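Report on the structure
Here is what each chain is made of, one letter per residue.
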Amino acid sequence: MAQILPTEENFLLLFRRDNPVESSVEFMRVWRQFDKDCSGYIEADELKAFLRHLLKENKKDIEVTEEKLIEYTGTMLQLFDQNKDGKLQLSEMAKLLPVRENFLCRPIFKGARITRKDIDRVFALYDVDNNGTIENDELNGFLKDLLSLVNQDYDNDDIDFMKSAILDKWDLNHDGKISRDELSMLLLQQGRMSLGLEDEENE
């Protein structure tokens, strides 16, 4: 593929491979920044703005024309728009801009015994602003990581559905946020990440 694509398109794929975002919280902030119309999708014009930003930030010495940007946008859609609807949903954008590691994929969250230290690490990972709760982009990043464990194909509606289910079950004080204690109960009771999306048989 590197031999087929023009230099800038090749750069974009190499950038994707070599520069994953640090966390899904950061990913959701990028998503919100470029989903200008809040449609829940990155449409062609928004993807073009994202690619322009990426090229400007990382190849400052190269001026990319509007025609080239349109061409690159088309190529990226061909590569990552799996359902061919002309826009990128969350799971498709996540392949274009991958996260360095989904911490929830680690063995401790797949049936092993979860310790207080594990829970503290998860909370610190998502409570980026250190205000004692997981909220807004932090909560959306957490939900994105949960969704990616069970489904390769997900969009903004899936995030909203999961958020409603999680907050309904685990947001005990109904403030629209997840505290450390709420996260602790959530992770301890649902070691395999069903997280209230299915009825529990042994409640």
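Throughout this document, residue positions are counted from 1 along each chain, in the order its sequence is written. The model is predicted, so local features are restricted to residues of pLDDT at least 70 and side-chain atom pairs to those at 80 or more, both for listing and for counting; the totals for chains, interfaces and linings are taken over all residues. The basis for every side-chain value is the complete set of heavy atoms in the structure, and neither hydrogens nor water enter the calculation.

**Re helix α6 (residues 116-126)**
- Only protein chains enter the area calculation, which uses a 1.4 Å probe; residues under 20% of their type maximum are buried, those over 50% are exposed, and those in between are partly exposed. Helix and strand assignments follow DSSP, with helices taken as H or I runs no shorter than four residues and strands as E runs no shorter than two, numbered in order from the N terminus. Within the span of α6, buried status applies to Asp118, Ile119, Val122, Phe123 and Tyr126. Along the axis of α6, the buried positions cluster into a sector of 135°, meaning they face one direction only.
- Contacts: residue pairs with any heavy atoms within 4.5 Å of one another. Here the buried face of α6 lies against α2 (24-34), β3 (133-134), α7 (137-150), β4 (178-179) and α9 (180-189). The arc under discussion is defined with respect to the helix axis, by the directions toward the C-beta atoms.

**Remarks on the packing of aromatic side chains**
- Stacked, edge-to-face and tilted labels apply to pairs of Phe, Tyr and Trp rings (six-membered ring for Trp) whose centres lie within 6.5 Å, assigned for plane angles under 30 degrees, over 60, and everything in between, in that order. Within the structure shown, the criterion is met by three aromatic pairs.
- The interplanar angle of 25° and the centroid separation of 6.4 Å between the aromatic rings of Phe27 and Trp31 together place this pair among those described as stacked. Remark: Trp31 and Phe27 occur in helix α2; sequence separation between them is four residues, near one turn of the helix.
- Overall, Phe27 belongs to the buried group, its relative accessible area being 1%.

**Re the nonpolar core**
- Phe27, Leu47, Phe50 and Phe142 are the most contacted members of the largest nonpolar core, which has 49 residues in total.
- Of all the secondary-structure elements, those providing two or more residues to this core are α2, α3 (44-58), α4 (66-80), α5 (90-96), α6, α7, α8 (156-170) and α9.
- Top contributing element to this core by residue count: α2, with six residues.
- With residues near it in sequence (within four places) discarded, Leu47 still touches Ile42, Thr73, Met76, Leu77, Leu88 and Leu96. Among the buried residues, those of types Ala, Val, Leu, Ile, Met, Phe, Trp, Tyr and Cys that are joined through side-chain atoms within 4.5 Å form a nonpolar core.

**Remarks on unusual backbone geometry**
- For Asn136, which is not a glycine, the phi torsion comes out positive at approximately 55°.
- One can find Asn136 in the loop between β3 and α7.
- One non-glycine residue with positive phi stands out, namely His174, at about 55°.
- Among the residues examined, His174 registers a relative accessible area of 66% and is labelled exposed.

**Topic: the pattern of salt bridges**
- A side-chain nitrogen of Lys or Arg and a carboxyl oxygen of Asp or Glu constitute a salt bridge if their distance falls within 4 Å. Under the criterion given, the structure shown has seven salt bridges.
- Asp120 serves as the salt-bridge partner of Arg180, at 3.1 Å between the closest nitrogen and oxygen. Here Arg180, found in helix α9, pairs with Asp120, found in helix α6; they are 60 residues apart in sequence, far enough to count as distant.
- Looking at Asp120, the relative accessible area reads 30%, which means it is partly exposed.
- Sharing partners across several salt bridges, the network here consists of Lys48, Arg52 and Glu66.

**Some remarks on the environment of Glu92**
- As for its position among the elements, Glu92 is in helix α5.
- With 62 residues separating them along the chain, Glu92 and Tyr154 place their C-alpha atoms 8.4 Å apart.
- Beyond its immediate chain neighbours, meaning those up to four positions away, Glu92 contacts Phe80, Asp81, Gln82, Asn83 and Lys87.
- At 3.0 Å, the side chain of Glu92 and the backbone nitrogen of Gln82 are in polar contact. Counting of polar contacts relies on pairs of N or O atoms within 3.5 Å, with two restrictions inside protein: one atom must be capable of donating a hydrogen and the other of accepting it, and residues adjacent in sequence are counted only when both atoms are side-chain atoms.

**Looking at the UniProt feature "domain: EF-hand" (unreviewed entry) in the protein**
- The UniProt feature table records "domain: EF-hand" (unreviewed entry) at residues 22-57, 68-103, 114-149 and 157-193.
- Along residues 68-103, the helical share is 56% and the strand share 6%, with 37 Å between the first and last C-alpha atoms.
- As a span, residues 114-149 carries 67% helix and 6% strand, and end to end its C-alpha atoms are 17 Å apart. UniProt positions are given in the numbering used here, feature names are shortened, and annotations may be inferred rather than shown by experiment.

**Regarding the confidence of the model for the protein**
- Scored from 0 to 100, pLDDT reflects the predictor's confidence in each residue. Per-chain confidence: the protein averages 83 in pLDDT, with 78% of residues scoring 70 or above.
- Here residues 192-203 is modelled with pLDDT under 50, and outside its nearest four sequence neighbours on either side it reaches 23 contacts, counting other chains as well.

**Describing α4**
- Across its 15 residues, α4 extends 21 Å between first and last C-alpha, which sits within 8% of the 21 Å expected from 1.5 Å per residue.
- Along α4, the residues classified as buried are Leu69, Tyr72, Thr73, Thr75, Met76, Leu77 and Phe80. A helix is expected to span 1.5 Å for every residue after the first.

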